[in-house]
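Structural overview
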Amino acid sequence: MKKFNIRKVLDGLKEVSSSTPSVQVGPQENHLIQETLQSDHFQLCKTVRHGFPYQPSSMAFDPVQKILAIGTQSGALRLFGRPGVECYCQHESGAAVIQLQFLINEGALVSALADDSVHLWNLRQKRPAILHSLKFSKERITFCHLPFQSKWLYIGTERGNIHLVNVESFMLSGYVIMWNKAIELSSKAHPGPVVHISDNPMDEGKLIIGFESGIVALWDLKSKKADCRYTYDEAIHSVAWHHEGKQFICSHSDGTLTIWNIRGQGKPIQTITPHGKQPKDGKKPEPCKPILKVEYKTTRIGEPFIILSGGLSYDTVGRRPCLTVMHGKSTAVLEMDYPIVDFLTLCETPYANDFQEPYAVVVLLEKDLVVIDLAQNGYPIFENPYPLTIHESPVTCCEYFADCPVDLIPALYSVGSRQKRQGYSKKEWPISGGNWGQGTQSYPEIIITGHADGTVKFWDASAIMLQVLYKLKTAKVFDRNRSKEDKGSTEVSDEDPFAIQIMAWCPESRMLCVAGVSANVIIYRFSKLEVTTEVVQLLEVRMQYELNDIESPDCGGGEQTSALPTPGASPQTSGPPSHPSTSSNNSDGGNMPCLKVRSTPLKQSAGYQVDLVVQLVWVSGEPPQQITSLALNSSYGLVVFGNSNGLAVVDYVQKTVVLNLGTVELYGSNDPYQRQPRSPRKTRQPSGGLCDINEGSATSEDRCKSPTSVLMSNSNLQQFYNGSGRGAKMSRKLSLPTELKPDLVLLSVCPPRGANPLDHRDNSFSRSRSSSVTSIDKEAREAISSFHFSEAFARKGDSTLTPCLYVGTTLGMVLALALTMPPSGEQRQLQPVIVSPTGMLVRLKGSVMRMSFLDSTGSMLPPAFEPWFEPNVTADGEEREKVRKRRPVSVSPSTSQDLNESQYAVVCSEKQAKVISLPSQTCIYKHSITETSFILRADVVQMSRGVCLACFCANGHIMTLSVPGLRPLMDVNYLPLTDMRIARTFCFTNLGQAMYLCSPTEAQRLTYSQDTCENLQEMLGELFTPVETPEAPNRGFFKGLFGGGAQSLDREELFGEISSGKASRSLAQHIPGPGGLEGMKGAASGVVGDLARARIALDERGQKLGELDERTAAMMASADSFSKHAHDMMLKCKDKKWYQI
């Protein structure tokens, strides 16, 4: 009779999103493993966000702190300091940020949003918070201006009015500039919204106001009237002052610039059309596109700079967006790759009334950030040190590896540094504010991203930073000029034929395997030496499968029933040099790959160099099925990949196909399903044809993971996965939707299978989600969803460990294949690898996503691997190979064998998890993770205190379960699946780290480790650092004559409540933010937090002392009054008798 562990049952009741787990304990395994992980070891929190701000809308720069702020259309704020110092904040409303203004050198930022709210951010804490908010209800905000060292913020509105806000209290002033007083009284038309506000650099009492219609007013703040008005018949987009305050320049909608004297109201003193053709007859030049922004910057020596965006002539069709720099008689037109959102000129001084001395221009593009050096000839750009190129080509998959070998990052950096472009500015990056964090987290972390153009990027993600290390271009392996007569090419050609679909990587051996959307697998070795490959080695594999062999249109495959084709059946069993290119035995005209491998010599620089290309070919006029899972093991020298037809095992040492098997053939005579052919789609036959397979290390969750499994009903399968003509085209396409497409809402998402590769096509998620097993029992197509290499007990009752390959399918089956490996050394090159199916291990509900193995103590069994060696050195390379290849295979399993001669297989599907004891093959623990949803990603990860199973569910829950007991340890409703991108890119890794792509351009990292959460505050960088404000320019006698000094205007006297009265309460609502004293208390922690708390305590103490002083003064005044009244009473009654009183 089985015993029940009540503690585990009670723990299971705590789970929110899943049903009560069923826990079974075998008679001998009970309490053998002491689980060390507890619920209080887990906490979920976001750490950092990397990448380019998605859909940027505004920008600001603090010239003293040297901090850059970027706002986005979704209400996000990204703040950048020196490389490695960046911060992400979010406005709750999600409205677009239309303007940003720094309180220069004050550690604060004002943001104006499209929902007519204004917010004050406190940047003096590591996680900025809102101190105050003001929500306008009657007027729309169009422009804001905050003068340097002023506490009064000007807010222009759509109605043409200007309001003032005190940035300390965030209260409106009663002083209002009404549009009808700013324009001519005789004018009958409304001037339009306010598009510009700025004070005269030499006289703070004079304010220039630009209205959209073309009217500019010079407003005298003291007399409350307009001194001058300037009218032009074209709409205004921006205005800029000359630093002496005598001239200003306007940009207009017809592509012209007008320069005005403040004392000349009639016409501009100069009109310039920078990109207009000047007619010879003296007429006005032809109108150009609007100049959206202009800046006017002066230098002590030489001509001023006029910098503008837009203004190109209308006949420049197809010309890229430009930034124009006019300096004296020279005009430079700098082409940009993307439309310009905003630009800022960086100057030596923050004072508007001094020579500006511009030295750089920051240009914010729709998908890039460019900084131009104005001080060097030719205006070179600075090399951008931020990780803003994640989206250089759309990300199609990503993998995350924590606690990598320590020599990996230096090795990747050394080869990547040779790829850097030349021609950058020699100066230091000008955005250099803030300080790095002081975190103690020191283990190496690497993120790998696969892209739509076939590139693979390696990133150093250690210590919550991100830096690109190395970039691999896989498309170089293929011919880009594909013949139009090639049937395969024309049928399949899509926008991204080289897109990366799945990646598998072994950090120890540095072997890399990538599967592309065009059904190809490329295996790479890492080398520090450059090499020229005369002929790229190629295997062409035909994977065709039909449930019966009645209608095999291609090559009669008598071997179809052979579960174990002999390696000799493949023509490429000889050594690699003898057959650099092999192809299928069948010369059927329909057998062709989707991409053509280049036939010319390939020069391969240091880094990842192609070792073998495996291609699935068209069969009978139908394209190959996309690869759904991939795994690699460097110790065995094998790569395995699978799709909806079956799987193929490739020996990349001998460059041969070891196994090409249909899914049904894995079961042999024990197939639990009754399969009936529903459509005569491509039949896959394990003929002698070559197989394609690819994956990194799929054994351990911290290594390469398998791809997302693709299972679908037959109708969906036919539509998304198969077919010729247009159907074939769809199956080839790897789309990256920003939102769930309407047709995909009906199909739900099928989880990414392995911890590594993420299947990125729409079809990878096209699976009917009704009752997970019953509705698919009749499906004819069963796809391979995951792989795992391990040294395990291959058969029930085995007493010795053997190399095994475990295969998970979309119908929840886990099957085992035993691997017979030849001896290492020279025999490894000659003798074949033998693969023997050993039957079914376990069946789960839903598609199998992750498999992992534990030893008898509950410790994770890492996959066997081969240490890296330089492949291009022949001297003693073979000796090194002999010694190293076998050792890792026997080390880890032997420990478990000595302890108990038992193992535990942890298997997770999209619905449940099971733990199987080996070699008895009994299920000792079972847990139903979710009934109403399904898991998108699951990984068995190594934490600092033990091993756990981490899951991300489509309903937004992130869960961790103990291993092997499957006790729920954490269940947090993090975010619901609103975007397919999240499902494709979400991945867990060791030590409690995880990441996903939160937008097409940004990666969000998070942690589920309590230790990391506690140390996060110390790891984050400081945005604000104490810096002395530069001294104001000394103008001597002329300072008093022309104004411009701080004393030229007492704004408090003008705008304060005493002189201007109170503003209308209905105009705007003041909302205290969470970032005040209370918010700062909660945010402060660590050493910096202690200082912050001390400052807060001093502030509070000062407030209390001030209140005490006030109360004491009031009591003294009351006592004085009482004493006076008593004295008066005494004098009055002094001469009266007692009876007269």
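Since the structure is predicted, the reported quantities are computational estimates derived from the model, not experimental observations. (Residues numbered from 1 in each chain as written. Predicted model: local features only at pLDDT ≥ 70, side-chain atom pairs only at ≥ 80, totals over all residues. Heavy atoms only, no water.)

1. Re the overall build of the protein chain
Counting its secondary structure elements, the protein chain contains 17 helices and 59 strands. Here the protein chain holds 1141 residues, and the buried ones make up 60% of them. In the protein chain, the share of contacts with a sequence separation of at least 24, taken over all contacts with a separation of at least 6, comes to 65%. Of the accessible surface of the protein chain, which amounts to about 45,600 Å², a share of 52% is contributed by carbon and sulfur atoms. (Helix = DSSP H or I, 4+ residues; strand = E, 2+ residues; numbered from the N terminus. Buried < 20%, exposed > 50% of the residue type's maximum accessible area, 1.4 Å probe, protein only. Contact = heavy atoms within 4.5 Å. Areas by Shrake-Rupley, 256 points an atom, 1.4 Å probe, with all protein chains shown as cover.)

2. Things to note about the sheet that holds strand E26 (residues 340-347)
Pairing within the open sheet is antiparallel, and its 3 strands lie in the order E26-E27-E28. Each edge of the sheet is formed by a strand with only one pairing partner; in this case those strands are E26 and strand E28 (369-373). Here the average twist between neighbouring strands, direction ignored, is 20 degrees. With 5 bridges joining them, strand E27 (residues 358-365) and E28 adopt antiparallel strand pairing. From the neighbouring strand, Leu-364 faces E28, where its bridge partner is Leu-369. (Pairing = 2+ DSSP bridges. Axes fitted to C-alpha atoms, helices over the stretch in contact; angles between N-to-C directions.)

3. A word on the sheet that holds strand E19 (residues 247-252)
A sheet is described by the order of its strands in space; here 4 strands give the open sequence E18-E19-E20-E21, paired in antiparallel fashion. This sheet does not close on itself; its edge strands, each paired only once, are strand E18 (236-241) and strand E21 (270-272). Strand-to-strand twist in this sheet, taken as the mean axis angle between neighbours without regard to direction, amounts to 20 degrees. Bridging between E19 and strand E20 (residues 257-261) involves 5 bridges; their strand directions are antiparallel. Within the sheet, the bridge partner assigned to Phe-248 lies in E20 and is Trp-260.

4. Notes on unusual backbone geometry
Along the chain, Leu-918 connects to Pro-919 via a cis peptide bond; the corresponding omega equals 10 degrees. For the peptide bond that leads from Val-963 to Pro-964, omega is 10 degrees, which places it in the cis range. If you trace the backbone, Pro-964 turns up in the loop between strand E54 (957-962) and strand E55 (968-973). Non-glycine residue Asp-403 carries a positive phi angle of around 60 degrees. Mapped onto the secondary structure, Asp-403 falls in the loop between strand E29 (395-402) and helix H3 (408-416).

5. A look at the side chain of His-163
Its location among the elements puts His-163 in strand E12 (residues 162-166). Among the polar contacts listed, one links the side chain of His-163 to the side chain of Glu-139, at a separation of 2.9 Å. Excluding residues within four positions of it along the chain, His-163 makes contact with Phe-136, Glu-139, Leu-153, Tyr-154, Ile-155, Thr-157, Leu-172, Val-176 and Leu-1067. (Polar contact = N/O pair within 3.5 Å; in protein donor to acceptor, adjacent residues only side chain to side chain.)

6. Here we look at the pattern of salt bridges
All told, the structure shown has 29 salt bridges when counted by the stated rule. One salt bridge connects Glu-530 with Lys-603, and the closest N-O pair in it is separated by 3.6 Å. In this pair, Glu-530 sits in the loop between strand E35 (520-527) and strand E36 (531-533) while Lys-603 sits in strand E38 (residues 602-604), placing the two residues 73 residues apart along the sequence. Between Asp-611 and Lys-655 there is a salt bridge whose closest N-O contact spans 3.4 Å. Residue Asp-611 is located in strand E39 (residues 607-616), and its partner Lys-655 is located in the loop between strand E42 (646-651) and strand E43 (656-662); the two are separated by 44 residues in the primary sequence. Judged by relative accessible area, which is 16%, Asp-611 ranks as buried. Residues joined in a network through salt bridges with shared partners are Arg-49, Arg-78, Glu-86 and Glu-1002. (Salt bridge = Lys/Arg side-chain N within 4 Å of Asp/Glu carboxyl O.)

7. Focus: the packing of aromatic side chains
The tally for this structure, following the rule as stated, stands at 23 aromatic pairs. For the ring pair Phe-382 and Trp-429, a centre distance of 6.3 Å and an interplane angle of 85 degrees mean the geometry is edge-to-face. Of this pair, Phe-382 sits in the loop between E28 and E29 while Trp-429 is found in the loop between H3 and strand E30 (445-451), placing the two residues 47 residues apart along the sequence. Here the two residues Phe-382 and Trp-429 agree in accessibility, since each one is buried. Ring centres 4.8 Å apart and planes at 45 degrees place the aromatic pair Tyr-806 and Phe-853 in the tilted group. Here Tyr-806, found in strand E45 (residues 802-809), pairs with Phe-853, found in strand E48 (residues 848-854); they are 47 residues apart in sequence, far enough to count as distant. Each member of the pair Tyr-806 and Phe-853 is classed as buried. Every member of this aromatic cluster is reached through a ring pair, and the members are Phe-401, Phe-458, Tyr-470, Trp-505, Phe-526, Tyr-608 and Trp-868. A cation over an aromatic ring shows up here: Arg-124 above the ring of Phe-1024, its NZ or CZ 4.1 Å from the ring centre. Sitting over the face of the ring of Phe-343, Lys-293 holds its NZ or CZ atom 5.2 Å from the ring centroid. (Phe/Tyr/Trp six-rings, centres within 6.5 Å; stacked < 30°, edge-to-face > 60°. Lys NZ or Arg CZ within 6 Å of the ring centre and 35° of its normal.)

8. What about the confidence of the model for the protein chain?
Residue-level pLDDT values for the protein chain average 79, and 74% of them are 70 or greater. Within the protein chain, helix H6 (residues 714-721) has the poorest average pLDDT of any element, 29, and strand E3 (residues 67-72) the best, 98. Here residues 6-22 is a poorly scored stretch, pLDDT under 50, and it has 37 contacts once near neighbours within four places are set aside; other chains count. (pLDDT = per-residue confidence, 0-100.)

9. What about H3?
Residues of H3 that are buried: Leu-408, Ile-409, Ala-411, Leu-412, Val-415 and Gly-416. Buried residues in H3, looked at end-on, bunch into an arc of 165 degrees, giving them a common side. On its buried face, H3 is in contact with E30, strand E31 (455-460), strand E32 (467-473), strand E33 (500-506), E35 and E39. (Arc of directions from axis to C-beta.)

10. Re the nonpolar core
Grouped together as the largest cluster of nonpolar side chains are 37 residues, with contacts concentrated most on Phe-458 and Tyr-608. When residues in this core are grouped by element, the largest group, 5 residues, is from H3. Setting aside chain neighbours within four positions, we find Phe-458 in contact with Leu-412, Ile-446, Ile-447, Ile-448, Gln-467, Val-468, Leu-469, Tyr-470, Trp-505, Leu-512 and Tyr-608. (Core = buried A, V, L, I, M, F, W, Y, C linked by side-chain atoms within 4.5 Å.)

11. Topic: the pairing of strand E52 (residues 935-943)
Judged by how many residues are buried, E52 sits mostly within the fold: 8 of 9 residues are covered. Two strands pair when backbone bridges link them, and E52 and strand E53 (residues 946-953) are joined in this way by 8 bridges, in the antiparallel orientation. Pairing of Ile-935 across the sheet is with Cys-953, part of E53. Counted between consecutive antiparallel strands, the loop separating E52 from E53 contains 2 residues.

12. Structural notes on the pairing of E26
Of all the 8 residues making up E26, 7 are buried; the element is thus mostly covered by neighbouring parts of the structure. One ladder, built from 7 bridges, connects E26 with E27; its direction is antiparallel. Bridge assignment links Thr-345 to a residue of E27, and that residue is Val-361.

13. Thoughts on the side chain of Ser-1009
Within the fold, Ser-1009 resides in strand E58 (residues 1002-1009). At 3.3 Å, the side chain of Ser-1009 forms a polar contact with the backbone nitrogen of Asp-1011. When sequence neighbours within four positions are dropped, the list of residues in contact with Ser-1009 reads His-41, Gln-43, Met-943, Leu-991 and Gly-992.

14. Structural notes on helix H12 (residues 1010-1019)
What H12 keeps buried is the set Gln-1010, Thr-1012, Cys-1013, Leu-1016, Gln-1017 and Met-1019. Here H12 starts with a cap whose side-chain oxygen sits 3.3 Å from the backbone nitrogen of Asp-1011, and that cap is Ser-1009.

15. Remarks on the environment of Val-664
Within the secondary structure layout, Val-664 lies in helix H5 (residues 663-667). Residues Val-664 and Gly-646 lie 18 residues apart in sequence; the distance between their C-alpha atoms is 7.9 Å.

16. Considering the environment of Gln-34
Within the fold, Gln-34 resides in the loop between helix H1 (6-12) and strand E1 (42-51). Separated by 824 residues in the primary sequence, Gln-34 and Gly-858 place their C-alpha atoms 8.1 Å from one another.

17. Here's the deal with the environment of Trp-241
Tracing the chain through its elements places Trp-241 in strand E18. Separated by 41 residues in the primary sequence, Trp-241 and Asn-200 have C-alpha atoms spaced 7.4 Å apart. Excluding its chain neighbours within four sequence positions, the residues that come into contact with Trp-241 are Ser-198, Asp-199, Asn-200, Pro-201, Ile-208, Leu-218, Gln-247, Phe-248, Ile-262 and Tyr-296. Within the structure, the side chain of Trp-241 is placed 3.0 Å from the side chain of Ser-198, a separation counted as a polar contact. A distance of 3.4 Å separates the side chain of Trp-241 from the backbone oxygen of Asp-199, its partner in a polar contact.

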